[in-house]
Amino acid sequence: MNDIVLKVKNLTKRFPGVTALDNVNFELRYGEIHGLLGENGAGKSTLVKILYGIYTPDSGEIYIDGRKVVITSPIDALKHGLALVSQNPQLIDKLTIAENLILGLTKLGLMTPIRRIYGKLRELSEELGIEIDPNVEVWKLSYTQKQLVEILKALLLGAKVLMIDEATTLLPSNEKRRFYEFLRKFTLEGGSVILITHKIREALEVSDRITVLRLGKVVGTVRPNEVSIDEVRMMMFGKRIKEINYYVEEQIKALVRDKVVLEVRDLWVLGDHGTYAVRGVSFNIHRGEILGIAGVAGNGQNELAQSIMGLRKVVKGKIIIDGHDVTNKDTVKVRELGVGYIPDSPLKHGVAPDGSIEDNIAMLPCIARGIVRWSYVRSLARKLISEYDIVAPSTKTPIKLLSGGNIMKVLVSRELSIARKLLIAYNPTRALDEATAMKVRKMIKRKAWEEGTAVLLISEDLDEVLQLSDYVAVMNSGKIVSLIPKGRIVREEVEKLMVVK
Amino acid sequence: MDTIIQSILAVAPAFTAYYLTALGHGFFEKSGVLNLAIDGVFYLSVAVAYASAVYMGNPYMAIFTSALTASIFGILLAFIVTKLPISHGAAGLSLMFLGYGLGALIGNPAVFRFREIKMTNIEFNINIPRTPLTNVTLLLVSIVACLALLYILKGTKLGAAIRASGEDPHAASALGIDVLKIRLLAGAIGYALIGIGAAIFELVWLPTWQQMHGMGHGWIAFAISLSSGRHPVLTMLTSTAFATLLTYQYLLQAAYNLSPEIAKMTPFIAAIAAMTIFMVTPLRRKLSPPLSLGKIFFKEERTL
Amino acid sequence: MRVTVVRRVKPLPLGNVLIPSLSIIIGVLLASLVLYLLMNIPPSQFFTYVGEGFVSLETLRDFILLTILGTALIISFKGAVWNIGAEGQIAMGMLAAAYVALFTNLSSSPVLGKIMMVVLALILGGAWGLIAGILKAYLSIDEVASTLIMNYVAYYILNYLVRGPWKGKHTYGYIRTDLIPESTYFSTLPIRGITITYEEILLLVITLVFAYVLLYKTALGVRIRILGSNPEALKAAGVNVKLLTITLLTISGAISGMVGAAQLAGYLHRISYPIETHTPYLGYTAILVAWLSMLDLRAVPIIAFIIGSLNQAGRLLQIAGVGGIAVTYLFIGTILVTFTVLRVFSEYRIKLMRG
């Protein structure tokens, strides 16, 4: 009797510069909730993305109900009963819920009226215990509602296997509880769940079995009642045990943090859909100070950073850098004041893929004006390459040929070298390996302490925020809900404040 | 009263020609493909309509060949830019030039044939006569086209799929549609309408042909579509404005004592003006273009 | 069997040479096929004309002007600003030069007259580009649509002038302007059969040097290249992208206008009506030249020569009975379509997968 619904054999996936999955073997049984744990970059997301047809494996096989299958696209995956719900709902904002969901119903012809599925949608949402108006445009929904629509979609398309990729992380606790109750009901009716979360405790509570991945390899599969949290942590991190403090705290008495470099007063900024992303945010950052903003992505942090840089319109409020009012002024003016910027999506807003390292440095007005002194640019490029161990054939290589991590290194090193008064850093160590991430954090600390650069650090990595900041602010739903000085931080309290209502 | 109705109906040929072209163009662009080939294919379709009418002796069949030719180009453009990571602008412009070339090579010989036929049969003509019946039919066709497309776009899965492909083809793909198939359909239907519009332009409104005939008028339809936010109903308004201007151009000329060159310039200046007005007003926000219009749709597997 | 397109790990070696060459060859073959099918022109005849084009002395004229224009357009294209309005900008430049030559006293002084013709052509051509630039920078109006429409407007302006206020007094029934004064003629090279002038060669050299210095030695050049790769990154770096866009259209427009003046002073010596039938449509062919050069300045002269030869072949075909400009459009079309598709293969390759 075959009780295995999904089996993965010797699956391998490589990206430029990194092996994401290395000969992974994995089995999912009917009716089970199977937790998938591992730290960032362990390969969990890659595995489910392959199962959902978003990535193609370099080698290996996938079996569903004992039959070998090849999954080439999400449509394929859905046909086989596999559905993925990820942290970022993949819905189209301008369309209504019904319009979004009808797209996946491949059995319906193209001329099917949208109204046809209203009934079924209402039925399913009742089962789920929620109220959904199929005629509402998706951009009007809250984050939680969007996640629920994703589940609705999976049910509508008859999914047998639900793959949940960190989708629960951002739900408020009562919603989360209901969500897990629903998952249990789903498995009792014969469905299976792969649950990816980094909350070890939650995974142990909810799962029937747990598989741990580390650096692309399967470490082991265990039952929750047979292991302790610490044992699981050992499996996830290996010999290294994460420490909160690995910097030597230096008391710099000489640097007087008197001057306010960045002042943000009652800032209101619109998001992309006509609603306010930043709602009345105020804070100050002094010379040499690091203010860390913790919070789940999508609560206004990006819009805040962009508005400070002059890339997004401020509706109300003021931004003052070094005494100059830069509210709604051009990015040119902000940069002239000596501001460095590590943006959220480096490939989108930070570097030009076709340009060489030299070009990407010379494009900054503060480095090159009029006739370019290429010898200077080249020497600067070489300095950055050696300091940060950037792997690149030459300073003239187009950046798009470098690996993701190296591209990030070019961006970060460039910005760190030009930021004088202020540095706005959004996820500065994303995609960086551990050693480089540490180096970057040390550089940021040094810039603040030795050069007096004020730093606004926005990061989704709470550990990073807690390590580097002098003050930690928590941003939730566009507001700063708390501002805590370093000495008084309790991690659990911060996490609680981050949860979106 | 009669003359008023007559004057209104007189606008019908120009109106239908530009409206159907703009309607088809907007429909296609809603699927996310930047359609810069419009003028080339419009010009080609005009030439094909003329040539078909000459060789087949029947203008009504010419509408069909014109629509078919245009449709093929639409499918080609949709295919190239969706299957391959090619810049929409480059692909569109290439097809535009091809359309110009083919159109001239199809139209020129047809002119000779026309003259030959005329010598033996003085009554021969390629146009569809402008009777009140024709005008009313044209208007009805426009209205039917408008309603049909409106229904498809807002009420059917196809419409949802087209708009999804235009907003976010990656998400659309993840949601379960074959973006390529949808864009091919949008290209076929949209360009068929452009072909019909071009045929009306040639056979009803300006039934003549010389080498530059119709060149640039595809761009006027482009502007008509853009300045009405690609909305089937609003495009009727902008089309009416332009059609009125073009139909009564001679009146304008006489009233202001303009040179014919200046008069011919007015629709083009109006096109730029219309686009400017649209972009300057809040209309731009409400009727925003598809978010991924012109963006290269290519599945890149990167971790960053 | 599925066909997927996958990014290459390293770009195709020699792709920059292979792809344009293949595009031209395949494009010309396709054009000859079309001409055979539609116009019954036997390929052998077509290729004879193509061959003649390559050795014809008249081709040199197109070669010089296309090199200048191709360079001008590359400056704009490198910033991903698609200036399709070179035709109109050339026309405006011609207008400016004609004005100076026919209606001012400057024309009596040979040196000053020619300089003023070129300067005013630069200004008017630049202004024509500037308008499109402003429309794009501040109103996000696609520059392809606006520059193309403005081409027609420019034609009509010129036609109006030639037919009206500028109509010549000594034209023997043709609708055209008078001949411009001989003092404003550019001086043709003293070789029999050649139609190029010293002044045009000078303008060519100046343009090439200008473009090279601009793109590779100045900060503006870096910004232009980055603009073509990722305008968002440029904006975040603190560069005024709007101003940059306007600058690109103005510069390429100005240089195109200059070509209009050269065309008038060096060859046409008068403007005839209607302008659409008297222009060699270099403004459009230049787009082909710029693209086929893969936006590399060094390739422009080579490509300009090849395309110029094809243009000349088209003209010879016209004498044989087929509309000349039709052939030009045709091969621009076939080569460009082939090129756009083949271009993909320098960075991507086809992967065949089972299932």
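Because the structure is a prediction, the values reported are computed rather than measured.

Asks: Pulling in residues and values, what's your account of the overall build of chain A?
Replies: Counting its secondary structure elements, chain A contains 17 helices and 20 strands. Here the C-alpha atoms of chain A give a radius of gyration of 24 Å, agreeing with the 23 Å that 2.2 N^0.38 yields for 501 residues. With the principal axes as the frame, chain A shows a C-alpha extent of 70 × 45 × 45 Å. Burial status across chain A gives 44% buried among its 501 residues. Taking as baseline every contact in chain A between residues at least 6 positions apart, the subset at least 24 positions apart corresponds to 67%.

Asks: Now, about the interface of chain B and chain A: what can you tell me, with residues and values included?
Replies: Contacts between the two partners involve 21 residues from chain B and, on the opposite side, 29 residues from chain A. Per-element tally for the side of chain B that touches chain A: the top contributor is helix α7 (residues 157–167) of chain B, with seven residues.

Asks: I'd like a rundown of the interface of chain B and chain C, residues and numbers included.
Replies: Counting residues at the interface gives 41 residues for chain B and 37 residues for chain C. Of all the secondary-structure elements, those providing two or more residues to the side of chain B that touches chain C are α5 (88–120), α10 (217–226) and α13 (260–280) of chain B. If one sorts the elements of the side of chain B that touches chain C by residue count, α5 of chain B sits on top with 16 residues. When the residues that make up the side of chain B that touches chain C are grouped by side-chain class, the tally is 30 nonpolar, eight polar and three charged.

Asks: I'd like a description of the sheet that holds strand β17 (residues 422–426) of chain A, backed by residues and values.
Replies: Residue and element names in this part refer to chain A. Here six strands make up an open sheet; going across it, the order is β16-β17-β18-β13-β19-β20 and the pairing mixed. Here the strands that pair on one side only, and so sit at the sheet edges, are β16 (339–342) and β20 (479–485). Recorded for the sheet is a direction-independent mean angle of 15° between the axes of neighbouring strands. In this structure, strand β19 (residues 471–476) lies alongside β20, joined through six bridges in antiparallel fashion. Looking at β20, one finds that methionine 475 is bridged to isoleucine 480. Running over the sheet, helix α14 (residues 404–418) touches β16 and β17 and is turned about 165° from β16. Seen against the sheet, helix α17 (residues 491–498) touches β13 (290–294), β19 and β20 and runs at an angle of roughly 25° to β19.

Asks: I'd like a rundown of unusual backbone geometry, residues and numbers included.
Replies: In this model, tyrosine 273 of chain C is joined to proline 274 of chain C through a cis peptide bond whose omega is -10°. Position of proline 274 of chain C among the secondary structure elements: in the loop between α10 (241–268) and α11 (275–278). Non-glycine residue asparagine 10 of chain A carries a positive phi angle of around 50°. Structurally, asparagine 10 of chain A can be placed in strand β1 (residues 4–15). Even without glycine at this site, methionine 294 of chain C takes up a positive phi of about 55°. Given 18 C-beta atoms within 10 Å, methionine 294 of chain C falls into the partly exposed group.

Asks: Describe the nonpolar core, with residues and values.
Replies: Membership of the largest hydrophobic core comes to 371 residues, with the highest contact counts inside it found for Ala83, Met163 and Ile424 of chain A, Tyr18 of chain B together with Ala97 and Ala261 of chain C. Residue contributions to this core peak at 17 residues, all from helix α9 (residues 179–205) of chain B. Once residues lying within four places of it in the same chain are set aside, the contact partners of alanine 261 of chain C are Gly93, Met94, Ala96, Ala97, Met117, Val118 and Ala121 of chain C.

About the criteria used
- Residue positions are given per chain, counted from 1 along the sequence in the order it is written.
- Each chain gets a letter, beginning with A, and each ligand a number, beginning with 1, in the order they are written.
- Per-residue local features are limited, in this predicted model, to residues with pLDDT of at least 70; the limit for side-chain atom pairs, both in listing and counting, is 80 or more; totals at the level of whole chains, interfaces and linings are taken over all residues.
- Each helix is a run of H or I in the DSSP string that is no shorter than four residues. Each strand is a run of E no shorter than two, and both are numbered from the N terminus.
- Between the two quantities, the radius of gyration covers C-alpha atoms and the globule rule is 2.2 Å times the number of residues to the power 0.38.
- The burial criterion counts other C-beta atoms lying within 10 Å of a residue's C-beta, which is placed from the backbone; the residue is buried at 20 or more, exposed at 12 or fewer, and partly exposed between these limits.
- Contact criterion: two residues are in contact if their C-beta atoms, reconstructed from the backbone, are within 7 Å.
- When residues are grouped by polarity, Ala, Val, Leu, Ile, Met, Phe, Trp, Tyr, Cys and Pro land in nonpolar, Asp, Glu, Lys and Arg in charged, and all others, Gly among them, in polar.
- A pair of strands is treated as paired once DSSP finds two or more bridges between them.
- To define axes, lines are fitted to C-alpha atoms, for helices over the stretch in contact only, and angles between the resulting N-to-C directions are given on a 0 to 180 degree scale.
- By our criterion, buried Ala, Val, Leu, Ile, Met, Phe, Trp, Tyr and Cys residues that link up through C-beta atoms within 7 Å make up a nonpolar core.

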